[in-house]
Structure formats: structure tokens, C-alpha cells
Amino acid sequence: MRFAVLATLLLLSSAPAMAKVAVDVDISTQTMSVTWPGGKSETWSVSTGRTGFETVRGTFGVTRLSKNHWSRKYDAAMPYAIFFHGGYALHASTAGRLGRPASHGCVRIAPEKAARLFEAVRRHGASITVSGSIAEFARANPGYDRREPRSARVRALPRRDIFEDSTFVPRSISSQLE
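Here the structure is a predicted model, which means the values were calculated and not measured.

A. Region of the structure containing the overall build of the protein. In terms of regular secondary structure, the protein is built from 6 helices and 9 strands. Buried residues in the protein amount to 32% of all 178 residues. Accessible surface computed for the protein: about 11,300 Å², of which carbon and sulfur atoms make up 54%.

See below:
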């Protein structure tokens, strides 16, 4: 009996560990390299945090998965969200700005790629490394304007539900709330 238990433990300890997905995000090139279990690699264009909303750097594990996440903070969809540090996540985006810093800190990915990555991470887990900087990206892309886009510099419009109980809505925003 002892021999059977020891033999089973020995076999289990010598079995190869299930490979994780390795995700390497490079802010300097706005790319993400994905190494799948089995060793195949792909490199994709992404968009990381823009100036003032830099994506956190370091090496992280996955903290949470959410297939249909909705950000209450930014009132926006974050499909196939793979959270790795607090509110920072890899997620699908249709914003069309991949290849340049554009987000509030998350890493935006094309939807079909985000769906594949989400499923692989759900099955195998992942190690996520984020490196590089917006300054390096700007040096390599002289036409890139590091200032926040005009829409981000202008104060955000209040949400409609703030005014639902109010009889006063400033004329300048009343048409945008409809």
C-alpha cells in the first residue's frame, strides 16, 4: 500500500506542469507577443494607456476573468477582460486606435484576438509582462502627439442620470444628453 502511494506521488511530481500562456506587452512598440502552450508565438498590435493614464509595468498573474465586463468608472464595455492588476486589464476594443497609446490604462486588443486569448487564459492561466514606455514610443514615432487628445482635455460631460431629478440642464449640454 505504501509503495502504491509513493509510486503515484512520484509519477504526479514528474509529470510536466501545464504550460501557461505568456503575454508580453511592449508599450514602446504598442505590440503584444503571445506565446501559446506548445510554444507557438504571435505578435499583435495593441493600444495601451495614453499620457496621464499609463499602463502599469511589471510582471503579473491573472487576478480575474470577465467575458462581458462593463466598466462603471468609464461607462464602457470591456469584453473578454483579463484583469492583471487592480482595474488594469487586457480586453477587446472596437475603438479603432490600435497601434498607439489611447486607453485609460488597459491594454486594448482586436476583438477576435481577445476572444482567443481569453479562452486560452481561462484554460491554462497566464503570466503577463508589461514593459516599455510612452516616451520610447514617442521617440520612435515623431508624429505622435504625447498630449492628451482634445476630447480628454475637455471636461467630461455629466451623465444623464445626474440630471434626471433636476429641472435645470445647461443649454450647452442638453442636446447631447438626448
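B. Highlighting the nonpolar core. If you look at the biggest cluster of nonpolar residues, it comprises 28 residues, and the most contacted ones within it are Val21, Val23, Met32, Leu90, Ile109, Leu117 and Ile128. Those elements giving two or more residues to this core turn out to be β1 (21-26), β2 (31-35), β6 (76-85), β7 (88-92), β8 (107-109), α2 (111-124), β9 (126-131) and α3 (134-140). Here this core gets 5 residues from one element, more than from any other, and that element is α2. Those residues in contact with leucine 90, other than ones at most four positions away along the chain, are Val23, Val25, Met32, Tyr80, Ala81, Ile82, Phe84, Val107, Ile109, Leu117 and Ile128.

C. Summary view of α2. Its 14 residues give α2 an end-to-end C-alpha distance of 20 Å, which sits within 8% of 20 Å, the value for a rise of 1.5 Å per residue. Those residues of α2 that fall on the buried side of the exposure criterion are Ala114, Leu117, Phe118, Ala120 and Val121. Looking one or two places after α2, you find glycine 125, whose phi comes out positive at around 80 degrees.

D. Region of interest: unusual backbone geometry. A positive phi angle is found at glutamine 30, which is not glycine, with a value near 55 degrees. Judged by its relative accessible area of 0%, glutamine 30 falls in the buried class. Positive phi, normally seen in glycine, also occurs at tyrosine 80, with a value near 55 degrees. With respect to the helices, strands and loops of the structure, tyrosine 80 is situated in strand β6. Owing to a relative accessible area of 23%, tyrosine 80 belongs among the partly exposed residues under this scheme.

E. View of the pairing of β9. Alternating residues of β9 divide into Ala126, Ile128 and Val130, all buried, and Ser127, Thr129 and Ser131, none buried. Both β1 and β9 contribute to a ladder of 6 bridges, which runs parallel. Each residue of the ladder has a partner; that of aspartate 24, found in β9, is threonine 129. Of the pairings in the sheet, the one linking strand β4 (residues 58-61) to β9 comprises 4 bridges and is antiparallel in character. Across the sheet, the residue bridging to threonine 59 is threonine 129, located in β9.

F. Representation of the packing of aromatic side chains within the structure. Taken as a whole and judged by the stated rule, the model has 5 aromatic pairs. Ring centres 5.7 Å apart and planes at 65 degrees place the aromatic pair tyrosine 80 and phenylalanine 118 in the edge-to-face group. One end of the pair, tyrosine 80, is in strand β6; the other, phenylalanine 118, is in helix α2, and 38 residues separate them in sequence. Aromatic side chains phenylalanine 137 and tyrosine 144 sit 5.1 Å apart centroid to centroid with 80 degrees between the ring planes, which places their arrangement in the edge-to-face category. Classification of phenylalanine 137 by relative accessible area gives buried; the value is 5%. One residue, arginine 64, lies across the ring of phenylalanine 83, its end atom 3.9 Å from the ring centre.

G. Just the side chain of histidine 91, in detail. With respect to the helices and strands, the residue histidine 91 is situated in strand β7. Contacts of histidine 91, omitting those with residues within four sequence positions, involve Met78, Pro79, Tyr80, Ala81, Cys106, Val107, Arg108, Ile109 and Ala114.

Parameters at a glance
Residues numbered from 1 in each chain as written. Predicted model: local features only at pLDDT ≥ 70, side-chain atom pairs only at ≥ 80, totals over all residues. Heavy atoms only, no water. Helix = DSSP H or I, 4+ residues; strand = E, 2+ residues; numbered from the N terminus. Buried < 20%, exposed > 50% of the residue type's maximum accessible area, 1.4 Å probe, protein only. Areas by Shrake-Rupley, 256 points an atom, 1.4 Å probe, with all protein chains shown as cover. Core = buried A, V, L, I, M, F, W, Y, C linked by side-chain atoms within 4.5 Å. Contact = heavy atoms within 4.5 Å. Expected span 1.5 Å × (residues − 1). Pairing = 2+ DSSP bridges. Phe/Tyr/Trp six-rings, centres within 6.5 Å; stacked < 30°, edge-to-face > 60°. Lys NZ or Arg CZ within 6 Å of the ring centre and 35° of its normal.

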